[in-house]
Amino acid sequence: MKKKIFWIPFAVLSVLIGLYPLKYLLNAGKIGILNGKPDWLLNSETWKLSFYTHIVLGGVALLIGWIQFNKKLRLHKPYVHQFIGKIYVVSVLLSSFSGFYIALFADQGLWASLGFSCLAVIWFYTTLMAYLAVRNKQFLRHQNMMIYSYAACFAAVTLRIWLPVLIIIIGDYGTCYIIVAWLSWIPNLFVAYLIVKRAAFNNILIAKS
C-alpha cells in the first residue's frame, strides 16, 4: 500500500509532464518559455533544433523511464525492459546534450545557466555510466546509476512544482527562476542517494541473514 501511495503520483506526474512538449508542438508562435526569448534567439536554427530536441526527447525519457523501476517487468519481461532502456538512453543522451546548449541561453543570466548546465552534464554522465555498466554486466552499478539518471530527468517535474511555490513565497520571478535552476535537481539527487544507500544496506542485511 505504501508503495502504491508513492508510485501512483510519481507515475502520473511523469506522464503528465512527459506529454508537456505537445504544448509546443501543437501550437505555433510564442508560448510558454518562448515568450521570454528574444527574436534573434528564436530565429536561430541551431537553438530551435536544440530546443525541440531537448523537450521532445526529454519528454519521451520522462514518459518511459519510470516504467523501468518495475521489478516484475525486469524479472519476467527482460526483453521489454531492454527495449525501453535503449529508447531511454538514446533520448537522454540527445536531450541532455541539446539541453546543455540551450542552458547557455537560459533566462536570468549566468547562475541560472550554470544550474541547468550542471543538470545537463549530470544527466548525460549518469545515463552514459548506466549504459556502460550494463554492457559490462555490472548490474548493480547499472541500477544505481539509472536511479540517479531518472532523478535528474525528474527535474522537469520538480521544477514545475517548485517554481510556483517559490513565486508565492518570494514573489520575484527572476530570483525564483535562478533558485529553481538548482532546486529542481539537487534534492532529487539527494533522494536518489538515500535510495541507493538504503538498497545497499538492505543487501548487506540479506547477505548476513
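No experiment lies behind these values; they were computed from the predicted model shown.

(A) Region of the structure containing a nonpolar patch on the surface. Taken together, Leu13, Ile161, Trp162, Val165, Ile168, Ile169, Ile170 and Ile179 make up a surface patch of nonpolar side chains, about 710 Å² in accessible area. Top contributing element to the nonpolar patch by residue count: helix H9 (residues 155–169), with five residues. Considering the arrangement of structural elements, one finds Ile179 in helix H10 (residues 173–183). Judged by its relative accessible area of 33%, Ile179 is partly exposed.

(B) Molecular detail of the pattern of salt bridges. Scanning all chains against the criterion turns up two salt bridges. Salt-bridge contacts for Asp107 lead to Lys37; the nearest nitrogen and oxygen are separated by 3.1 Å. In this pair, Asp107 is assigned in the loop between helix H6 (78–103) and helix H7 (110–135) and Lys37 in the loop between helix H2 (22–25) and helix H3 (39–42), connecting sequence segments 70 residues apart. Taken as a pair, Asp107 and Lys37 share a single burial class, namely buried.

(C) Up close: unusual backbone geometry. Its identity as a non-glycine residue notwithstanding, Gln108 has a phi of 75°, on the positive side. Looking at where Gln108 falls in the secondary structure, it is placed in the loop between H6 and H7.

(D) Quick look at the side chain of Thr158. Here Thr158 is to be found in helix H9. In this structure the side chain of Thr158 is engaged in a polar contact, spanning 3.4 Å, whose partner is the backbone oxygen of Ala155. For Thr158, the side chain forms a polar contact with the side chain of Asn188, separated by 3.2 Å. Residue contacts for Thr158: discarding those within four places in its chain leaves Ser184 and Asn188.

(E) Structural context of the side chain of Ser113. Inspection of the secondary structure puts Ser113 in helix H7. Overall, Ser113 belongs to the buried group, its relative accessible area being 9%.

(F) Expanded view of the packing of H9 against H10. Interhelical geometry of H9 versus H10 gives an angle of 145° and a closest axis separation of 9 Å. Seen along the crossing, H9 lies across H10 with a hand that is right-handed. Along its contact with H9, which presents Leu159, Trp162, Leu163, Leu166 and Ile167, the element H10 presents Tyr173, Cys176, Tyr177, Ile179, Val180 and Leu183. Its residues assigned to classes, the contact of H9 with H10 shows eleven nonpolar, no polar and no charged.

(G) Here's a closer look at the environment of Tyr173. In this structure, Tyr173 sits in helix H10. For Tyr173, a relative accessible area of 38% corresponds to the partly exposed category. Between the C-alpha atoms of Tyr173 and Leu163, which are ten residues apart in sequence, the distance is 8.5 Å. Those residues in contact with Tyr173 that sit more than four places away from it in its chain are Gln108, Leu163 and Ile167.

Parameters and conventions
Residues numbered from 1 in each chain as written. Predicted model: local features only at pLDDT ≥ 70, side-chain atom pairs only at ≥ 80, totals over all residues. Heavy atoms only, no water. Patch = residues over 30% accessible without salt bridge, like charges linked within 9 Å, V, L, I, M, F, W, Y side chains within 5 Å. Areas by Shrake-Rupley, 256 points an atom, 1.4 Å probe, with all protein chains shown as cover. Salt bridge = Lys/Arg side-chain N within 4 Å of Asp/Glu carboxyl O. Helix = DSSP H or I, 4+ residues; strand = E, 2+ residues; numbered from the N terminus. Buried < 20%, exposed > 50% of the residue type's maximum accessible area, 1.4 Å probe, protein only. Polar contact = N/O pair within 3.5 Å; in protein donor to acceptor, adjacent residues only side chain to side chain. Contact = heavy atoms within 4.5 Å. Axes fitted to C-alpha atoms, helices over the stretch in contact; angles between N-to-C directions. Left-handed = near helix turned anticlockwise from the far one by under 90°. Nonpolar A, V, L, I, M, F, W, Y, C, P; charged D, E, K, R; others polar.

Function-wise, these values are silent; they only describe arrangement.
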